Amino acid sequence: MLKIEGIWQEHTQQKIFRELLYCMSLPGEIINLNQYLEKSSALVGVLATLLDRSVTWSDEDELVNKRDRSLFQASQVSSQTAQFVVKNALHPPLSAFIPNLGELSNPEKGATLILQGESLGIGNKLLELAGAGIKETRLVCLAGFHLQWFICRQQWVENFPLGVDLILVDRSQIMALPRTTQIQLSNFSSSKSIIQD
């Protein structure tokens, strides 16, 4: 009998979706999805949860293998028009890249960028977060996320409510940065983990 992996089953996707909502409500909180993923990655788990025939997506960096890609059933379009855009965060965005920022009458049509990097919670890139869902500030360390993504993101959200929402993933963890979150950036030499309110 064919065994269907958990991430393709409705009850697992509902649990991952609840974790995503939690992350969106508390920007900078890092959630480990290992209990839902089996052999899959957090990236594939998130996409399996968010994608269906009604939405569009882009994976120009080819981070998802052909088998998983075929199971999503969502249409692939350019990264400038897709509702969900997957990018390899190790590399900076191309200077010409501007995702869909939505419209004033429909700001919710702005894209969700899913950035895959090396590690959430540990690394030499430091984000200082403030805004809705954060008491005062929250500090988060990252590894393998090029800071240019966050510099560009600042430009993309400057005409709020237009903008993009970010979901950051590593092998098994996720973190969300809605367009309402304010971000200050810095590099530092230590690789210790910093996550605090």
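A brief look at the structure comes next. Keep in mind that this is a model prediction, so the values were computed, not measured.

Here's the deal with the pairing of strand β5 (residues 112–116)
Okay, so step 1: Taken across its five residues, β5 has four buried, putting it largely inside the fold.
Okay, so step 2: Where β5 lies against strand β8 (residues 165–169), five bridges are found, and the strand directions are parallel. Paired with Gln-116 across the bridge in β8 is Val-169.

Thoughts on the packing of aromatic side chains
Okay, so step 1: Taken as a whole and judged by the stated rule, the model has four aromatic pairs.
Okay, so step 2: A centroid spacing of 5.2 Å and a plane angle of 90° characterise the contact between Trp-57 and Phe-72, whose relative ring orientation is edge-to-face. Here the residue Trp-57 occupies a position in strand β2 (residues 56–58), and Phe-72 occupies one in helix α4 (residues 66–72), the gap between them amounting to 15 residues. Comparing Trp-57 with Phe-72 shows no difference in burial state: the two are buried.
Okay, so step 3: Look at Phe-97 and Trp-156: their rings are 5.7 Å apart centre to centre, the planes differ by 90°, and that puts the pair in the edge-to-face class. Of this pair, Phe-97 sits in the loop between β4 (84–88) and β5 while Trp-156 sits in helix α5 (residues 148–156), and the two are 59 residues apart along the sequence.
Okay, so step 4: An aromatic cluster is defined as three or more aromatic residues linked by ring pairs; in this entry it consists of Trp-8, Trp-57 and Phe-72.

Some remarks on the environment of Glu-128
Okay, so step 1: With respect to the helices and strands, Glu-128 occurs in strand β6 (residues 119–130).
Okay, so step 2: As a C-alpha pair, Glu-128 and Gln-155 span 27 residues in sequence and 17 Å in three-dimensional space.

Thoughts on the pattern of salt bridges
Okay, so step 1: The tally for this structure, following the rule as stated, stands at six salt bridges.
Okay, so step 2: The salt bridge partner of Arg-69 is Asp-59, with a shortest N-O separation of 2.9 Å. A residue pair is termed long-range when its members are at least 10 positions apart, and Arg-69 in helix α4 and Asp-59 in the loop between β2 and α4 qualify at ten residues. We note that Arg-69, like Asp-59, is buried.
Okay, so step 3: Glu-60 is the salt-bridge partner of Lys-87, the closest N and O atoms lying 3.3 Å from each other. Residue Lys-87 is found in strand β4, and its partner Glu-60 is found in the loop between β2 and α4; the two are separated by 27 residues along the sequence.
Okay, so step 4: With relative accessibility at 9%, the residue Lys-87 sits in the buried group.
Okay, so step 5: The class for Glu-60 is partly exposed, based on a relative accessible area of 45%.
Okay, so step 6: One connected set of salt bridges, linked through shared partners, spans Glu-5, Arg-67 and Asp-68.

Details of the sheet that holds strand β3 (residues 75–76)
Okay, so step 1: Strand order across the open sheet formed by seven strands is β1-β9-β8-β5-β4-β2-β3, with mixed pairing between neighbours. Of all the strands in the sheet, the pair left with one neighbour each is β1 (31–32) and β3.
Okay, so step 2: With two bridges joining them, β2 and β4 adopt parallel strand pairing. The residue of β4 that forms the bridge with Ser-58 is Val-85.

Here's the deal with unusual backbone geometry
Okay, so step 1: Note the cis peptide between Phe-160 and Pro-161, where omega equals 15°.
Okay, so step 2: As for its position among the elements, Pro-161 is in the loop between α5 and β8.
Okay, so step 3: Within the chain, Glu-62 stands out as a residue other than glycine whose phi angle is a positive 55°.
Okay, so step 4: Residue placement: Glu-62 occurs in the loop between β2 and α4.
Okay, so step 5: According to the relative accessible area criterion, Glu-62 is exposed, its value standing at 63%.
Okay, so step 6: In this structure, Gln-73 takes a positive phi of about 70° despite not being glycine.
Okay, so step 7: Along the chain, the position of Gln-73 falls in the loop between α4 and β3.

Calculation rules
- Residues numbered from 1 in each chain as written.
- Predicted model: local features only at pLDDT ≥ 70, side-chain atom pairs only at ≥ 80, totals over all residues.
- Heavy atoms only, no water.
- Buried < 20%, exposed > 50% of the residue type's maximum accessible area, 1.4 Å probe, protein only.
- Helix = DSSP H or I, 4+ residues; strand = E, 2+ residues; numbered from the N terminus.
- Pairing = 2+ DSSP bridges.
- Phe/Tyr/Trp six-rings, centres within 6.5 Å; stacked < 30°, edge-to-face > 60°.
- Salt bridge = Lys/Arg side-chain N within 4 Å of Asp/Glu carboxyl O.

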